[in-house]
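So you can see what is in the structure, the chains are spelled out below.
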Amino acid sequence: MQNKGLIKLFAILFGLVSIYQLSFTFIAGNVESKAEEFAQNKIPESVENYAVKRDLEVKNYLDSVAKEPVFAGVTYETAQQKELNKGLDLKGGINVILQISVPDLLRGLSNDSKDPKFNEALSNAGDRRSNSQDNYLELFFEEFDKIEGAKLASPDVFGTKALADEVNFEMTNNEVKPIVRRKINESITSAFEVLRERIDKFGVAQPNIQRLGDSGRILVELPGAKDISRIKTLLQSTAQLEFWDVYKAGEVQQYIMTADQIVSESLKDTEALKEEAEATETDEEDLEELLSSSEDSTDFSKSNPLLSLVANLGAQEGPVVATFAVKDTAKVNEYLAMPKVKSALPSDKKFLQFAWGKPAKNSEFIDLYALINNRNNEPQLSGSVITDAQQTYNQVGSVAVSMQMNARGAKIWEDMTGRASAQGTQIAIVLDNVVYSAPGVSSGAISGGRSEITGDFTIQEAQDLANVLRAGKLPASADIVQSEIVGPSLGQEAIDSGINSFMIALVLVLLWMIFYYGKAGLYADVALILNILLIFGVLSGLGATLTLPGIAGIVLTIGMSVDANVLIFERIREELYKGKAQADAIKDGFKNALSSILDANVTTGLTGIILLTFGTGPVKGFATTLLIGILTSLFTAIFITRLLIDGYGKNGKSLAFSTGVTKNFFQNVDIKFLSKRKVAYIISAIALIVSIGSLATKGLNEGVDFIGGRTYTVRFDQGVNPTEVENHLLETFESIEAKTYGADSQLKITTNYRINEEGDAIDKEIQEKLYSSLKEYLPADLTYAQFSVENTADAEAKLGVMSAVKVGPTIADDIKTASFYAIFGSLFVVFLYILIRFRKWQFSLGAVVAVTHDVIIVLGLFSLLYGVLPFSLEIDQAFIAAILTVIGYSLNDTVVVFDRVREYFNEHTSWPMRKLIDSSVSSTVSRTVNTSLTTLVVLLAIFIFGGDSIRGFMFALIIGVIVGTYSSVFIATPIMFDTVKKKGIDLTDSSKSNEEEEESTQTVS
């Protein structure tokens, strides 16, 4: 090997850089441990809300020492910025995908156009979006173009004053489209920047926010975040701040009474029609009961349906029209929205708009306000004039938010406050359609542009509101279409199980290499440990995020690193058996193994790239570590192992590549594999028929990633029967599935109940229903706050919802389609690579048929066994990652065999084809068994000790390794042989006539 000194220098520098990068993780971890210890000593568990108070103490401690040097001048602040990021599944926290509403953006660009053609196109595009991969904007354009005479440049659509500089009435639709695309993209970019600024001010360590293509979706990952409810509010708040004049209660209360009578009459008419229909089926005995019920019609709640809901009427001169119970707001909204009720508004109040106030903490009541609206539904003053906002205190010491306006806003604010002062009226401060306060102005007009929002704020809420106002409003609503919330205790369990599985797998592999290869195996172990150090160092240096599937990817690269060393050592042993000197055997062994190692790693790397391209979240984490592992494995196996071996043997020392026990393992193997191919074909055909039959009849257990829905991991204090729980939950939910998840005291509960409805209120309502339905299975003293996944009362909670996942139907359809593209794209890319590498389509055909065979069997087993095995066999993104890994592994094995076949064809030109192939496969048995066994040991360690969340993922990989090893020998190679034999094709590098090859194959036959 040339340039040994340069390689040594590079290896040393690479190792030192990796240690340097990882040192930040150790420094940050050490400081955080001290902070946790400090908080635990200061706040005992006996204190109410001790977890929240401890978190605050931890934050204060870390803030106080952030800039102090910890080690070699490195501060905690610097270490935290450069430490190895831990993902959601290892640290807890929240991961959401927000959908910025493109329909809202289009309506905004059109100045809320009422044009029927425009709104028809919006509606049709929305209907198509649920079953299409195209983005909403392109679907809108397609639908708009279908409508005869529809013009985007129309003054009723995008030919507005706001776009007058860019759109004129003469422009065609195709000329307007690029302008609209640019405007929409600018708005989404604006939303992205607003969200990033909000998150930066929120103070979460290592946040990740990124745009997802041109779909209008934004990914936000906040590992370690605990106050989930607060984060959701922060992300979804559009920060639409408005200032409205308010009617006095006395001006509106008479209308409320009129509305009450209209609603009463309307309900009586509806009831009369219902009774008339029922009366036709009522006999004489029922008539008496019916009459008696009619006597109750004088009941106040029936004769005054709206007024009966009023808890208190507001003061005549005040801004509050009336106070209602929070639970009755939907019914009040329904009554006030009735067409007959709205038509009863006096002409001078026809634009009146009702708005609810912000309820006080723990209050069951809420105030109703009446805003003085206008024809254009536009406030006199909006939040766009706000230049600064700060959390402050008002004159009586209550928490408030102080705001400063620009010059234009200050002038309008002075006019509004002057008018309110003169008339004795109030001004409502409205944020996202909620009235936070409606102060009166008693001291005349307020100049200078200063204003204040008061309400029942905590300091934290006021700080969040000030941050949101400073960052600015979102250009459109942002709905959470996919979310994953992991509680901190579940994250800690994942860390523990991940580390355990990693260490067990590593120890087993290290021991096996020493057992099988002796001192040479010890050198391989040194290279393997360096490989792991380099992987973690590169991950840390790149700022990548380590996830549980990422740990699985690292552990899998252990198997791949072993594979490279096994290939090298087996080739060296072959050269030694030929009688070569040790130095020559080592040189030739490395040289001969290089081709197989590169081919095997390239095919696996291609599947990793496809995973990285199409995957999201944990799948990307797995792909990242897999790709890094491939590169570091190649470096350590080819160069570091060689340096160590050469260094040992340079003084003439003898190095055995086996032990006394393994010296003669797999020597002189001569198995007639091809003679058994028909039996293998029959076995595979049966397995394929059973698999396809199960897939066609039983199907697959698709997870929420593919069908949409909500999944909750719920932990109980004792074992529960999933069937009993499921039947009980069906009384509340339209459809639901409960399965044991790990221990029998933990269930995975999945439902698509109201999945098409967005909003934090819906998520909370469903979780509350889940709590109510499961109450009899939970400890009597477990409150909803403790049960919720957003629990901040107990950071070490061991019961209740441990994690929650939500996937909207639209994004689920996108995930499913992307997964299919990933699988078929992988097969195509691999076919192409093998075709280019081996220059014969028969090799590609054999490899692709074998891989397809493996994928169908893995799918078939998941179909046959779901509901039978005591762990989840859901088809989700992690499963797709497993399938692609199976494809890579199967090809890895197949390529090694094919490489030996090609080599033998060039070395033994006189051998019959059957002998060549049988000998080629036999010569790789030692490598195949060693690699498959070590890989299986690794996967089994993760499967047993790696935690519930990746058990199904590991099961797919275990099956894939077994089936992939089988198919490379008994499917890929025989199919290649049969197609080559039939055509009489030359597989040597030298030219040979087809007639001679045909004669050779006939002799074999």
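Before reading on, note that the structure itself is shown above.
Residues numbered from 1 in each chain as written. Predicted model: local features only at pLDDT ≥ 70, side-chain atom pairs only at ≥ 80, totals over all residues. Heavy atoms only, no water.

## Notes on the overall build of the protein chain
Okay, step 1: When helices and strands are counted, the protein chain shows 33 helices and 23 strands.
Okay, step 2: Residue pairs in contact within the protein chain that sit at least 24 positions apart in sequence constitute 74% of those at least 6 positions apart.
Okay, step 3: Only carbon and sulfur atoms are counted for the fraction: they give 56% of the accessible area of the protein chain, which is about 45300 Å². (Helix = DSSP H or I, 4+ residues; strand = E, 2+ residues; numbered from the N terminus. Contact = heavy atoms within 4.5 Å. Areas by Shrake-Rupley, 256 points an atom, 1.4 Å probe, with all protein chains shown as cover.)

## Here's the deal with the pattern of salt bridges
Okay, step 1: A complete count under the given rule lists 33 salt bridges for this structure.
Okay, step 2: Residue Asp415 is joined to Lys411 by a salt bridge in which the shortest nitrogen-to-oxygen separation is 3.1 Å. In this pair, Asp415 and Lys411 both sit in helix H15 (residues 407–423), 4 residues apart, roughly one turn of the helix.
Okay, step 3: Owing to a relative accessible area of 40%, Asp415 belongs among the partly exposed residues under this scheme.
Okay, step 4: By relative accessible area, which is 47% here, Lys411 ends up partly exposed. (Salt bridge = Lys/Arg side-chain N within 4 Å of Asp/Glu carboxyl O. Buried < 20%, exposed > 50% of the residue type's maximum accessible area, 1.4 Å probe, protein only.)

## Description of empty space enclosed by the protein
Okay, step 1: For the structure on display, the rule yields 6 cavities of 30 Å³ or more.
Okay, step 2: The calculated volume of the largest cavity comes to roughly 150 Å³.
Okay, step 3: Contributions of two or more residues to the lining of the largest cavity are made by helix H19 (548–577), helix H29 (877–907), helix H31 (925–945) and helix H32 (951–983).
Okay, step 4: Broken down by element, the residue count for the lining of the largest cavity peaks at 5 residues, all from H29.
Okay, step 5: Broken down by class, the residue content of the lining of the largest cavity amounts to 7 nonpolar, 8 polar and 1 charged. (1 Å grid on protein atoms, 1.4 Å probe; cavity = no way out; pocket = protein on both sides within 12 Å on 5 of 7 lines; lining within 4 Å. Points joined across faces, edges and corners; volume = space filled by probe spheres on them. Nonpolar A, V, L, I, M, F, W, Y, C, P; charged D, E, K, R; others polar.)

## Overview of the pairing of strand E5 (residues 208–212)
Okay, step 1: Alignment of E5 against strand E6 (residues 217–223), held across 5 bridges, turns out to be antiparallel. Looking at the pairing, Leu212 lines up with Arg217 of E6.
Okay, step 2: The loop that links E5 with its antiparallel partner E6 comprises 4 residues; one of these, Gly213, has a positive phi angle of about 60 degrees. (Pairing = 2+ DSSP bridges.)

## Quick word on the sheet that holds strand E7 (residues 241–245)
Okay, step 1: Taken in spatial order, the 8 strands of this open sheet run E8-E9-E11-E10-E16-E15-E7-E12, and their pairing is mixed. Every interior strand has two partners, whereas the edge strands, strand E8 (310–313) and strand E12 (381–382), have only one.
Okay, step 2: As paired elements, strand E10 (residues 353–357) and strand E11 (residues 365–371) share 4 bridges and run antiparallel to each other. If you follow Phe354 over to E11, its bridge partner there is Ala370.
Okay, step 3: On the sheet, helix H13 (residues 329–336) packs against strand E9 (320–325), E10 and E11 and is oriented at approximately 175 degrees with respect to E10.
Okay, step 4: H15 contacts E7, E12 and strand E15 (427–431) of the sheet and is inclined by roughly 30 degrees relative to E7. (Axes fitted to C-alpha atoms, helices over the stretch in contact; angles between N-to-C directions.)

## What to know about the environment of Gly867
Okay, step 1: Tracing the sequence through the fold places Gly867 in the loop between helix H28 (841–865) and H29.
Okay, step 2: A relative accessible area of 68% places Gly867 in the exposed class.
Okay, step 3: With 128 residues separating them in the primary sequence, Gly867 and Lys739 have C-alpha atoms 8.3 Å apart.

## Re the side chain of Ser694
Okay, step 1: Take Ser694: it is sitting in helix H22 (residues 677–697).
Okay, step 2: Of the polar contacts made by the side chain of Ser694, one reaches the side chain of Ser863; its length is 2.6 Å.
Okay, step 3: Discounting chain neighbours no more than four positions away, the residues touching Ser694 are Gly699, Gly860, Ser863 and Leu864. (Polar contact = N/O pair within 3.5 Å; in protein donor to acceptor, adjacent residues only side chain to side chain.)

## Things to note about the nonpolar core
Okay, step 1: Ranked by size, the top nonpolar core spans 133 residues in total, and within it Phe569, Ile834, Phe879, Ile887 and Ile917 carry the most contacts.
Okay, step 2: Counting 72 residues, the second largest nonpolar core, distinct from the first, contains Ile179, Val220, Ala476 and Val789. (Core = buried A, V, L, I, M, F, W, Y, C linked by side-chain atoms within 4.5 Å.)

## Structural notes on the side chain of Arg902
Okay, step 1: Note on placement: Arg902 falls in helix H29.
Okay, step 2: Using a relative accessible area of 17% as the deciding quantity, one classes Arg902 as buried.
Okay, step 3: Arg902 has contacts with Ser595, Asp599, Arg837 and Phe838, leaving out every residue within four places of it along the chain.

## Side note on the sheet that holds strand E23 (residues 800–807)
Okay, step 1: As summarised here, the arrangement of the 8 strands in space is E5-E6-E4-E18-E23-E20-E22-E21, forming an open sheet in which the pairing is antiparallel. Whereas interior strands pair on both sides, the edge strands pair on one side only; in this sheet they are E5 and strand E21 (737–741). Ignoring which end each strand starts from, the neighbouring axes of this sheet average 20 degrees apart.
Okay, step 2: Strands E21 and strand E22 (743–751) of the sheet are contacted by helix H24 (residues 722–729), whose axis makes an angle of about 155 degrees with E21.
Okay, step 3: Across the sheet, helix H27 (residues 809–838) lies against strand E4 (93–100), E6, strand E18 (478–486) and E23, angled at about 75 degrees from E23, the strand it touches most.

## Comments concerning H22
Okay, step 1: In this model, H22 (21 residues) spans 30 Å end to end at C-alpha, consistent with the 30 Å of a helix rising 1.5 Å per residue.
Okay, step 2: Listed as buried for H22 are Arg677, Ala680, Ser684, Ser691 and Ser694. Buried residues of H22, seen end-on, are gathered within an arc of 120 degrees and therefore sit on one face of the element. Turned more than 90 degrees away from the buried face of H22 sit Lys678, Val679, Ile682, Ile686, Ile689, Ala696 and Thr697, all of them exposed. (Expected span 1.5 Å × (residues − 1). Arc of directions from axis to C-beta.)

## Focus on the packing of helix H1 (residues 4–42) against helix H18 (residues 519–542)
Okay, step 1: With their axes 8 Å apart at the nearest point, H1 and H18 run at an angle of 60 degrees to one another. As summarised for this structure, H1 and H18 are arranged oblique, according to the angle between their axes. Judged by the sense of rotation from one axis to the other, the crossing of H1 with H18 is left-handed. Residues Phe14, Gly15, Ser18, Ile19, Gln21, Leu22 and Thr25 of H1 form the contact with H18, whose own contacting residues are Leu533, Leu534, Phe536, Gly537, Val538, Ser540 and Gly541.
Okay, step 2: When grouped by side-chain class, the residues that make up the contact of H1 with H18 number 7 nonpolar, 7 polar and no charged. (Parallel < 35°, antiparallel > 145°, perpendicular 65-115°, else oblique. Left-handed = near helix turned anticlockwise from the far one by under 90°.)

## Concerning the packing of aromatic side chains
Okay, step 1: Scanning all chains against the criterion turns up 27 aromatic pairs.
Okay, step 2: With centroids separated by 5.3 Å and ring planes inclined at 90 degrees, the aromatic side chains of Phe733 and Tyr753 adopt a geometry described as edge-to-face. One end of the pair, Phe733, is in the loop between H24 and E21; the other, Tyr753, is in the loop between E22 and helix H25 (760–774), with 20 residues separating them in the sequence. Both residues of the pair, Phe733 and Tyr753, count as buried.
Okay, step 3: In this structure an aromatic cluster arises from ring pairing among Trp512, Phe515, Tyr516, Tyr517, Phe569 and Phe657.
Okay, step 4: The aromatic ring of Phe590 is capped on one face by Arg642, whose charged end is 4.9 Å from the ring centroid.
Okay, step 5: Over the face of the ring belonging to Trp911 we find Lys915, whose NZ or CZ atom lies 4.2 Å from the ring centre. (Phe/Tyr/Trp six-rings, centres within 6.5 Å; stacked < 30°, edge-to-face > 60°. Lys NZ or Arg CZ within 6 Å of the ring centre and 35° of its normal.)

## As for H13
Okay, step 1: Looking at H13, one finds that the buried residues are Thr329, Val332, Tyr335 and Leu336. End-on view of H13: buried residues confined to an arc of 125 degrees, all on one side of the axis.

## Considering the pairing of E6
Okay, step 1: Among the 7 residues that make up E6, 7 are buried, leaving the element largely enclosed by the rest of the structure.
Okay, step 2: On E6, burial covers both faces: Arg217, Leu219, Glu221 and Pro223 on one face and Ile218, Val220 and Leu222 on the other are all buried.
Okay, step 3: Bridge count between E4 and E6: 7 bridges; the pairing is antiparallel. Residue pairing across strands places Asn95 opposite Glu221, the latter belonging to E6.

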